[in-house]
Structures are given as C-alpha cells and as structure tokens.
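# An overview of the molecular structure
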Amino acid sequence: MGDDADCLEMPGQPYALALWNLIIRPPRRRYDLLRLGPTEFRLWSCGVKRVDYDLNCSRGLKLRCSHFVPELGEAEARPCVIYLHQNASCRLEALQLVPMFLPLGISLFCFDFAGCGESDGDYISLGWFERDDLADVVEHLRASGRVSSIGLWGRSMGAVTALLHADRDHSIAGMVLDSPFCNLRQLAGELAQSEYLSVKVPSWLLSGALALGRMRIKLLCNFDIDELSPIDHVGNTFIPAFFLHGVDDDFINPQHSQKLHEAYTGDKELEIVAGDHNTQRDMHVTRKSVFFLMQALRCNMSPLGEGSLASLLGFDAGEVDSCVDRKVLSTRVQAEAARLLATSSPERKGIRLREAQRVSLSCRLEGAMQLTRAGSEAGYCFGLLPQASDYGGANRPPVVIFATMSPKGLSVTQAVEGRPLKVLGQMDRAIEVGMPVLLVAELTDNSNHDSFFAPPQPTTLRLSLGDGGAEINLALSEEYKKDGFCWPVIMGGDAEIFDVDSKDLMGRQASSEAPGAGGGARANSATARIAPRPVRCPARRLSRRPATR
C-alpha cells in the first residue's frame with residue numbers, strides 16, 4: 001500500500017483546508033515597483049515626493065513602505081493618513097488617494113502588510129497581527145518628526161486592523177472604515193457556505209470544518225479565530241469613525257458594519273454605498289471620506305498653489321487635482337500651460353519660442369540650426385502630457401523638456417514649476433559657431449497598450465547631431481500621452497533655425513499645430529514642417545465650478 005493510505009482523514013477536512021486558505025493565505029498580489037510611479041512628480045497644487053523604504057516590524061519581518069509627501073517648502077510636521085489595504089491586495093490600492101490628500105497638505109503613507117505584496121511573511125491574520133504592524137508604523141512616523149496628527153483609512157482587513165488598533169491608541173485623529181467584519185467566527189461560517197468556496201460546506205459538517213480550520217490556523221499562525229472579534233473593541237474607542245459598506249457585498253455582509261456602527265461609542269457615521277466588496281467607490285463617496293478625515297485632522301483648509309501656474313491660467317489647482325476620474329482641462333489650456341512653464345524659467349532668460357506644433361509619440365524631428373554667438377543655444381522645447389494614472393489622476397500639468405545644442409555640446413533639461421531646471425543628460429562636444437548643424441530628436445512611446453497589468457514603460461528621448469558625432473539617450477520619468485507639443489527654441493543669444501521637419505514614426509497623420517498656437521492650416525501628412533514664427537497663444541480662463549473637495 002502507498003504512503004497515502006497511512007493518514008487519517010477527518011470529516012470536513014477538505015472543506016477546512018479550503019476555508020483556512022481563504023482566511024490566512026488568499027492569492028498574493030505581486031506587482032512591478034514601477035507601478036508606484038516616479039519618485040517625484042508634479043500636481044497642479046504642489047510637487048509630490050515618494051520615499052520608499054523597508055520597515056523592520058516587531059515580528060522580525062520587513063514591511064515595504066511608501067510615503068507620499070507634498071513639497072510645500074516648509075519643514076514643519078504635517079498631518080498624515082495611513083492607508084491599510086485588503087487581504088489579497090497591496091499598497092497600490094492607496095495610490096488613488098494621492099491627488100486627493102496631497103493638495104490639502106496631508107501626506108499619505110501606505111505599506112504592504114506582512115504576508116502581502118512585496119513584504120516578508122507567508123500568512124495573514126485578518127487584523128490580529130496586522131494591528132501590531134500598524135502600531136510599528138505609527139511609532140515610526142511619530143518618531144520621524146515629520147508627522148503631526150494621524151488618520152487611518154482601512155478597507156476590509158485594513159478596516160479591521162484600524163479598529164483593533166484604535167482602542168489602544170486614542171491619539172488617532174479619525175478613521176475611514178470600509179467593509180470591516182464584526183466577528184471572524186461569524187464571517188468564517190458565512191464564507192463556508194458562500195460561493196467563495198469551490199464546494200460549499202454542508203450544514204451538518206459546518207461545525208466540524210470550522211473546528212478543524214480553527215486548529216489549523218492556530219497551528220500555522222498562532223492566533224485563534226474565535227478571539228478575533230472587532231465588535232468587542234469598539235466599546236472602548238472614541239475616535240471619530242466613518243463606516244462604509246457596499247450594498248451588494250457578498251463577501252462581508254453589510255450587517256457587519258451596521259452592527260459595528262451601532263456598538264461604536266465615538267462620533268460615528270455610516271453610509272451604505274453602491275457596489276460590492278471590491279468595487280472602486282464612487283468619487284462622491286471618496287470625496288466625502290476625504291472631507292471627513294480632513295475635519296478630523298483639523299487640517300488647514302486654505303487652498304494650496306496660490307500664485308502658481310494654475311492661478312495664471314485662471315482655475316483652482318486643488319479643484320482640478322481632485323478630479324481624478326475625468327479630464328477637465330482642454331488641450332488648449334494644457335498647451336498654454338506648457339508655454340508659460342517654458343518661458344517663465346528664471347534660468348532661461350531671453351528665451352524665444354517659434355511656432356508650436358502638435359507632435360505624436362513616437363516622432364522624429366530634424367532641424368537645420370546655426371549658432372551665431374558663443375553663448376547661444378538652440379533646439380526643441382517639448383510639452384508632454386502625463387498619462388492618466390492612479391497616483392496622479394487625469395489632469396496632471398504638462399512636463400517641459402528642453403533638448404538643445406550649444407557650442408559646448410548637447411543638453412537635455414526639464415522644467416518643473418517651483419524648482420530649478422533639472423539636468424537629465426549632457427554630452428560634451430565642440431559645436432562650431434557659424435556652421436549649420438542638423439539636430440535630430442526622437443521621442444519614443446514604449447507603453448504596452450495591450451495589457452492593463454503591464455508595468456509602465458517610460459517614454460524615451462534620443463538627441464543627436466546629424467553627423468553622428470554626439471548623442472544622448474535617456475528614459476524620461478514616466479509614460480506620456482500620444483500627443484504633445486513642440487516649439488523650436490532659441491536661448492541665451494542669437495541663433496538661426498532654418499527648417500524643421502517632423503515625422504510620425506508610427507505612420508499616423510501629424511497634427512498641423514497646437515491649439516491656440518496661431519498660424520494657418522497645413523496639409524495632413526505623416527511629415528510636417530514647422531515654420532519659424534513666434535507662438536501667440538493667449539491664456540484661457542476656465543469656467544469656475546463649485547469646490548469638489
């Protein structure tokens with residue numbers, strides 16, 4: 001007889017195996033770190049910096065963490081929201097809140113729980129040990145000196161974790177609790193007879209399967225599912241709490257949140273919203289939750305970004321940043337924003353932009369240029385529009401890239417509002433003054449449009465001389481939309497730009513020119529010519545809408 005004959009199979013054992021895997025070892029969400037976005041980027045209201053690091057928790061495991069911080073030019077401590085993800089998820093879940101909180105001056109901290117995402121660990125405990133991970137994170141943030149008040153935003157397992165932590169840390173300012181369960185034993189019984197198991201546990205086997213599952217979970221993870229009962233903690237918690245639950249949630253029944261809300265002793269609100277357990281919440285629900293935490297954190301509600309590029313263009317920066325789910329800025333406004341950003345750089349005095357043209361990614365520009373003085377510089381100014389993303393929303397400001405030549409060689413720099421020019425690449429090469437030179441620039445779109453889960457592939461830029469004597473190849477910080485803007489540009493002295501040809505490398509028709517750039521119509525062809533005339537693109541004011549935060 002085989003070895004398998006020498007083992008004891010107890011009634012309900014196959015069901016118990018499926019049940020404990022559902023509780024402590026759901027599918028693990030792996031992801032490419034590029035999906036977190038660039039470490040620095042710009043919203044209309046403020047700059048954003050992301051700091052990634054590993055935090056050693058008290059259980060001896062490494063937690064992968066990200067802290068999104070608004071660059072406001074101040075060193076004082078700011079309010080912070082810690083996002084706590086679901087059981088089969090990771091810190092990517094928090095990204096949609098970046099453009100909601102950062103313009104308010106509130107930083108956002110997110111991390112992969114132990115046993116999830118890229119953090120260490122083999123199992124989860126649906127809040128039992130995760131509350132200790134949260135306590136370590138809170139202690140770390142308070143010790144950093146960069147955080148004042150702290151709020152929590154948890155979903156499912158993350159919401160339970162917040163509840164289990166809150167009764168022992170009354171200094172938490174407020175909590176958003178989306179889809180928590182009130183008692184794990186009750187939830188396990190409901191899941192055992194739900195569609196989430198491939199075969200439902202028969203009623204007569206339910207108690208046996210739960211007993212076996214409880215024993216196995218205690219052996220593997222050292223916690224008792226009968227003791228994991230958030231409803232036993234809410235009677236000692238006085239932190240303002242906003243409970244949310246999807247009306248069609250068949251994983252955790254909305255009654256769990258209703259019971260928790262009834263027993264909760266602090267200031268509380270409950271809203272049963274559209275959707276199921278994993279549905280992305282409607283934007284009005286998200287905004288209401290953000291406003292709840294903003295009040296709990298006693299955040300300064302004055303708008304950021306005063307005197308900014310958005311103010312010059314006539315719209316509210318915070319309002320536009322918070323419209324993460326839809327485009328609200330016209331292409332004309334984006335073109336004018338890029339032009340203003342290019343010409344307002346203090347390091348680019350005496351800049352002269354020629355006529356603008358819409359260019360497609362991927363494209364190749366070839367321009368005949370001649371430097372006439374030692375201090376002159378000539379080349380291309382690109383206005384690129386970031387792709388809509390979870391971390392930045394749908395209305396990010398344009399990024400301006402200068403790709404130029406000077407007597408010293410080639411240079412690629414980036415203009416960002418509120419910062420000095422950033423040098424992206426340089427190539428030393430003597431370029432003779434008074435001699436015509438062919439300057440070639442290629443922008444290449446590398447994004448994989450066939451796969452939603454594919455990691456981002458940043459746009460690349462190649463700048464070279466026509467004789468092949470000098471070349472710069474670099475990857476930009478992120479993916480950009482298929483259409484952008486280009487201006488031939490002269491800086492720092494006299495130069496001549498004789499002719500520029502633009503070719504769409506994907507074979508698409510080249511757009512004649514950028515909206516608002518002036519000039520007449522051009523032929524629709526894959527190659528267009530940029531005439532050397534200055535841009536005249538008056539600023540356009542957006543119609544003001546009621547605040548959406």
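Our subject is the structure that appears above.
Every value quoted in this text rests on a predicted model; they were computed, and no experiment measured them.

Check the secondary structure of the chain and you find 11 helices and 22 strands. Considering the chain as a whole, with its 549 residues, one finds that 56% of them fall into the buried category. The contacts of the chain with a sequence gap of at least 6 include a subset with a gap of at least 24, amounting to 74%. Accessible surface computed for the chain: about 23,100 Å², of which carbon and sulfur atoms make up 50%.

Our next topic: a nonpolar patch on the surface. Taken together, the side chains of Val-247, Leu-270 and Ile-272 make up a nonpolar region of the molecular surface, amounting to roughly 210 Å² of accessible area. With a relative accessible area of 34%, Ile-272 lands in the partly exposed category.

Counting buried residues in strand 20 (residues 483–491) gives eight out of nine residues, a clear majority hidden from the surface. Where strand 10 (residues 352–353) meets strand 20, two bridges bridge the pair, whose relative direction is antiparallel. Counted as the bridge partner of Arg-352 is Ile-490 from strand 20. Sheet topology note: the strand 11 (residues 357–360)/strand 20 ladder contains four bridges and is antiparallel. Within strand 20, the position partnered with Ser-360 by the bridge is Asp-483. Relative to strand 20, strand 13 (residues 377–384) is paired through seven bridges, and the arrangement is antiparallel. Note on strand 20: the bridge partner recorded for Tyr-380 is Pro-488.

Moving on, we come to the nonpolar core. Among the nonpolar cores identified, the biggest contains 60 residues, and Ile-82, Phe-111, Met-175 and Phe-223 are the most heavily contacted of them. Excluding residues that lie within four positions of it along the chain, Ile-82 makes contacts with Phe-109, Phe-111, Leu-134, Val-137, Val-138, Leu-141, Ile-150, Gly-151, Leu-152 and Trp-153.

Next up on the list: empty space enclosed by the protein. Evaluated as defined, the whole model comprises three cavities of 30 Å³ or more. Of the voids in this model, the largest cavity is the one considered here, and its volume is about 90 Å³. Along its surface, the largest cavity is lined by Tyr-83, Gln-96, Leu-97, Trp-153, Arg-155, Asp-178, Leu-244, Arg-281 and Thr-286. Here the residues of the lining of the largest cavity sort into four nonpolar, two polar and three charged.

Turning to helix 3 (residues 130–144), a few remarks are in order. The end-to-end C-alpha separation of helix 3 is 21 Å, in line with the 21 Å expected for 15 residues at 1.5 Å each. Here the buried face of helix 3 lies against strand 2 (47–56), strand 3 (62–71), strand 4 (78–84), strand 5 (107–111), strand 6 (147–155) and helix 4 (157–166).

Right, let's get into the sheet that holds strand 8 (residues 241–246). Strands pair in a sheet through their backbones, by hydrogen bonds, and they do so in one of two ways: parallel or antiparallel. Reading across from one edge, 1-2-3-5-4-6-7-8-9 is the order of the nine strands in this open sheet, with mixed pairing throughout. With one partner strand each, in any of the chains shown, strand 1 (40–42) and strand 9 (268–273) form the two edges of the open sheet. Mean inter-strand twist for the sheet, computed between neighbouring axes without regard to direction, equals 20°. Two elements, strand 7 (residues 174–178) and strand 8, share four bridges in a ladder whose sense is parallel. Within strand 8, the residue paired with Val-176 across the bridge is Phe-242. Along the sheet, helix 4 contacts strand 4, strand 6 and strand 7; its crossing angle with strand 7, the most-contacted strand, is approximately 145°.

Reading guide: rules and limits
- Residues numbered from 1 in each chain as written.
- Predicted model: local features only at pLDDT ≥ 70, side-chain atom pairs only at ≥ 80, totals over all residues.
- Heavy atoms only, no water.
- Helix = DSSP H or I, 4+ residues; strand = E, 2+ residues; numbered from the N terminus.
- Buried < 20%, exposed > 50% of the residue type's maximum accessible area, 1.4 Å probe, protein only.
- Contact = heavy atoms within 4.5 Å.
- Areas by Shrake-Rupley, 256 points an atom, 1.4 Å probe, with all protein chains shown as cover.
- Patch = residues over 30% accessible without salt bridge, like charges linked within 9 Å, V, L, I, M, F, W, Y side chains within 5 Å.
- Salt bridge = Lys/Arg side-chain N within 4 Å of Asp/Glu carboxyl O.
- Pairing = 2+ DSSP bridges.
- Core = buried A, V, L, I, M, F, W, Y, C linked by side-chain atoms within 4.5 Å.
- 1 Å grid on protein atoms, 1.4 Å probe; cavity = no way out; pocket = protein on both sides within 12 Å on 5 of 7 lines; lining within 4 Å.
- Points joined across faces, edges and corners; volume = space filled by probe spheres on them.
- Nonpolar A, V, L, I, M, F, W, Y, C, P; charged D, E, K, R; others polar.
- Expected span 1.5 Å × (residues − 1).
- Axes fitted to C-alpha atoms, helices over the stretch in contact; angles between N-to-C directions.

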